[in-house]
Amino acid sequence: MAPLPALLLALLGVVLPAAAGDPVVMVSATKTILRRGTSVLVNCSFSGCDQQGLGWKLGLETQLPKITVDSGTNWQLFELTEVPEDSSPMCFLTCPPWSQETAAVSLTVFDFPEQVELGPLPPWQPEGEDLTLRCLVAGGAPRDRLTVVLLQGQEELKRQPVVGEPAEVTATIRAGRNDHGANFSCHTELDLRSEGLELFLNTSATRQLQTFVLPATPPELATPGALEAGIRQLVTCSLEGLFPALEAKVHLALGDRKLNATVTYHNDYLSASASLEVTAQEEGDQWLVCAVLLGNRSSESRRNLTVYSFPEPILTLTATEVSEGDLVMVNCEAHPGAIVTLSGAPAEPLSRKSQLLLNASSEDNGRHFSCSAALEVAGQVLYKNRTQQLTVLYGPRLDESDCPGNWTLPEGSKQMLRCQPWGNPPPQLRCHRKSDNTSLPIGSLRPVKRELEGTYLCRAVSSHGEASREVLVTVLYNQSNMVIVIVLATVGAIVSSVALTTYLYNRQRKIREYKLQKAAEALLLKPKPHLPEPAPDLAPSQH
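So, a few notes on the structure that sits alongside this text.

**Describing the overall build of the protein**
Okay, step 1: Along the protein, the regular secondary structure elements total two helices and 41 strands.
Okay, step 2: For the protein, the proportion of its 543 residues judged to be buried stands at 36%.
Okay, step 3: In the protein, the proportion of contacts linking residues at least 24 apart, taken out of those at least 6 apart, comes to 62%.
Okay, step 4: Only carbon and sulfur atoms are counted for the fraction: they give 53% of the accessible area of the protein, which is about 32500 Å².

Structure representation (structure tokens):
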């Protein structure tokens, strides 16, 4: 047999020869506290019993599985395997003729908890409400050395011994906004330090708490009371006082149709907006619903909207461009349920149709016809209008008010002569003086001269005809100045006449003198004929 370890020798002690006296049995173990399922060696020994006699016996009484490991003259070594629980194995000695002697050893089994679990937390915990934390502990021994601790982060919330199997330890806290995102856990402490071992910890998984605030005030819906088919409108839903606002979701729907909302957040406020366009098939009352969901709760607002169809009225003219004297039919018609008013139409009971028959004149050129439709929706009267313009073609007009027939203008003053013809298409105008076809300056600012006087013919021409008008222009000037001018002119004329007469007389005289001189020179150059001596003048000279 292999030599026993030193530990076993220590258990056995020094084996002495049996001594005389009363029999004594002794028991010892390698350890008195051991991990569940492990083995331990137990030694039984005795003294005071004559081993030479018959009927003596040394043994170990236990319900645990045992194996005799070794033995000597007064001792036996047993191994107890897979010890499951606390036990008190007993050594016994039968030594005749005396009665049986016994000695027991107390074995304490320790074990770590099989389960240390913090109960599930609610997905969302309302702020200001109580939250109960639960830690479940299954297994673990010895229980008088086992303690459970509930923790928030590293802060102890509660500590108490583990009682019961399984054991549940609870702690209640008032959840606040500051607890949002906090970590909670629990652990057990098995304290075996007094047995020469250590403090054993078993920790649960960590759970995170989410707190929230959803105000009692319902969301605010901003939308018109009625929605027109085919018209895109903005629907807005908002709510203030949320925490954490970024975790809130918004459901926006019209009837069974979910709307694609764009959500914006700012601190504890959110706003959801959706562009909504309804169809004629959705006419009638529809519920607009806005629900804000946060945590495990929701807040909802509803609004009843009226969906309606109201297209613009139909306004038609038999022709938008006619000649003067043509008949024009104007028709105005509205969507069913609406009534119309046609400008210029005779008074008649209101209905969805109205007509007007018109004999086009020049005054109707550029006239606007208005067709106004009215529809009552959700207690409100809505209006829609459509207009059409009529163009009337007519010949030129030259009226006294636009082209005066008599203009009297002071000489030297600056005047702008106006002669405005009318017509569609606009006519071309030309004014010329009847005596010499001189044009009259129309529409330009210039000084008045005396030469402007005269009778003019103004003629307006277009593709639809022509019109003419005589215009008399009279220029006023100062009469005293006229006399001076006449006198000066007369004097000037006399002086000029005298000067001209003198000039002509002198000129004729010089011409005669020149001719006489030439004739004399011609006579001197001719040969002189032989003439008879003149008879002596018998008449006496007179002086």
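Alright, that's what it looks like, and here's the rest.
**A short note on the layout of surface pockets**
Okay, step 1: There is about 180 Å³ of room inside the largest pocket.
Okay, step 2: If you trace the largest pocket, you find 14 residues lining it, with Pro 441, Arg 446, Pro 447, Lys 449 and Leu 452 closest to the centre.
Okay, step 3: Residue classes in the lining of the largest pocket are distributed as seven nonpolar, three polar and four charged.

**Some points on the sheet that holds strand E21 (residues 232-240)**
Okay, step 1: Read across the open sheet, the four strands follow the order E19-E21-E25-E24; overall the sheet is antiparallel. Single-partner strands in this sheet number two, and they are strand E19 (220-222) and strand E24 (262-266). Neighbour to neighbour, the strand axes of the sheet diverge by 20° on average, direction disregarded.
Okay, step 2: Examined bridge by bridge, E21 and strand E25 (residues 269-277) share nine bridges and lie antiparallel to one another. For Val 235, the partnering residue across the bridge sits in E25 and is Ala 274.

**Side note on the environment of Gly 241**
Okay, step 1: Residue position: Gly 241 is located in the loop between E21 and strand E22 (249-254).
Okay, step 2: Residues within four places of Gly 241 in sequence aside, it is in contact with Val 213, Pro 215 and Asp 268.

**With respect to unusual backbone geometry**
Okay, step 1: Each neighbour pair has its own omega, and for Ala 141 with Pro 142 the value is -5°, a cis peptide bond.
Okay, step 2: Tracing the backbone through its elements, the reader meets Pro 142 in the loop between strand E11 (130-141) and strand E12 (146-152).
Okay, step 3: At the junction of Glu 165 and Pro 166, the peptide bond is cis and its omega measures out at -10° in the coordinates.
Okay, step 4: Position of Pro 166 among the secondary structure elements: in the loop between strand E13 (155-161) and strand E14 (167-174).
Okay, step 5: Even without a glycine there, the phi angle at Ala 378 is positive, about 50°.
Okay, step 6: Counting through the fold element by element, Ala 378 comes out in the loop between strand E33 (367-377) and strand E34 (380-397).

**Re the packing of aromatic side chains**
Okay, step 1: This model, assessed by the stated rule, comprises four aromatic pairs.
Okay, step 2: Seen in terms of ring centroids, Phe 110 and Phe 200 are 6.1 Å apart; in terms of plane orientation they differ by 15°. Their pairing is stacked. Of this pair, Phe 110 sits in strand E9 (residues 108-118) while Phe 200 is found in strand E16 (residues 199-203), placing the two residues 90 residues apart along the sequence.
Okay, step 3: Classification of Phe 110 by relative accessible area gives buried; the value is 8%.
Okay, step 4: What makes Phe 200 buried here is its relative accessible area of 17%.
Okay, step 5: With a centroid separation of 6.1 Å and an interplanar angle of 85°, the aromatic rings of Trp 124 and Phe 212 are classed as edge-to-face.

**With respect to the sheet that holds strand E7 (residues 90-94)**
Okay, step 1: Strand order in the open sheet formed by three strands is E4-E7-E8, and the pairing between neighbours is antiparallel. Looking along the sheet, the strands with just one partner apiece sit at the ends: strand E4 (57-61) and strand E8 (101-104). Across the sheet, the axes of successive neighbouring strands diverge by a mean angle of 15°, strand direction being ignored.
Okay, step 2: The pairing of E7 with E8 spans four bridges and is classified as antiparallel. The residue of E8 that forms the bridge with Cys 91 is Ala 103.

**A short note on the environment of Val 322**
Okay, step 1: Within the element layout of this structure, Val 322 appears in strand E29 (residues 321-323).
Okay, step 2: In this structure, the C-alpha to C-alpha distance between Val 322 and Val 392, residues 70 residues apart in sequence, is 5.1 Å.
Okay, step 3: Leave out the neighbours within four places in its chain, and Val 322 touches Val 328, Ala 360, Leu 390, Thr 391, Val 392 and Leu 393.

**Quick word on the pattern of salt bridges**
Okay, step 1: With the rule as written, the count across this model stands at 25 salt bridges.
Okay, step 2: Three or more residues are tied together by salt bridges with common partners; here these are Arg 35, Arg 36 and Asp 111.

About the cut-offs
Every chain is numbered on its own, with residues counted from 1 as its sequence reads. Whole-chain, interface and lining totals are the exception, using all residues; otherwise, since this is a predicted model, local features are given only for residues with pLDDT of at least 70 and side-chain atom pairs are given and counted only at 80 or more. Just so you know, side-chain values use all the structure's heavy atoms and leave hydrogens and water out. A run of H or I in DSSP counts as a helix once it spans at least four residues, and a run of E counts as a strand once it spans at least two, with each numbered from the N terminus. Relative accessibility decides the category of a residue: with a 1.4 Å probe and only protein chains considered, values under 20% of the type maximum give buried, values over 50% give exposed, and everything between is partly exposed. In what follows, residue pairs with any heavy atoms lying within 4.5 Å of each other are defined as contacts. Computed with the Shrake-Rupley method and a 1.4 Å probe, the accessible areas treat only the protein chains shown as cover for residues. Detection works on a 1 Å grid of protein atoms alone, calling trapped sets that fit a 1.4 Å probe cavities and calling open sets with protein on both sides within 12 Å along at least five of seven lines pockets, with lining residues defined by an atom within 4 Å of a point. Grid points are joined across faces, edges and corners, and a volume is the space filled by probe spheres set on the points. Charged residues are taken to be Asp, Glu, Lys and Arg, nonpolar residues to be Ala, Val, Leu, Ile, Met, Phe, Trp, Tyr, Cys and Pro, and polar residues to be all remaining types, Gly included. Criterion used throughout: strands pair if DSSP finds at least two bridges between them. Axis definition: a line fitted to C-alpha atoms, over the contacting stretch in the case of helices. Angles run 0 to 180 degrees between N-to-C directions. A pair of aromatic rings is counted whenever rings of Phe, Tyr or Trp (Trp by its six-membered ring) have centres within 6.5 Å, and the orientation is called stacked for planes under 30 degrees apart, edge-to-face for over 60 and tilted otherwise. Counted as salt bridges are all cases of a side-chain nitrogen of Lys or Arg within 4 Å of a carboxyl oxygen of Asp or Glu.

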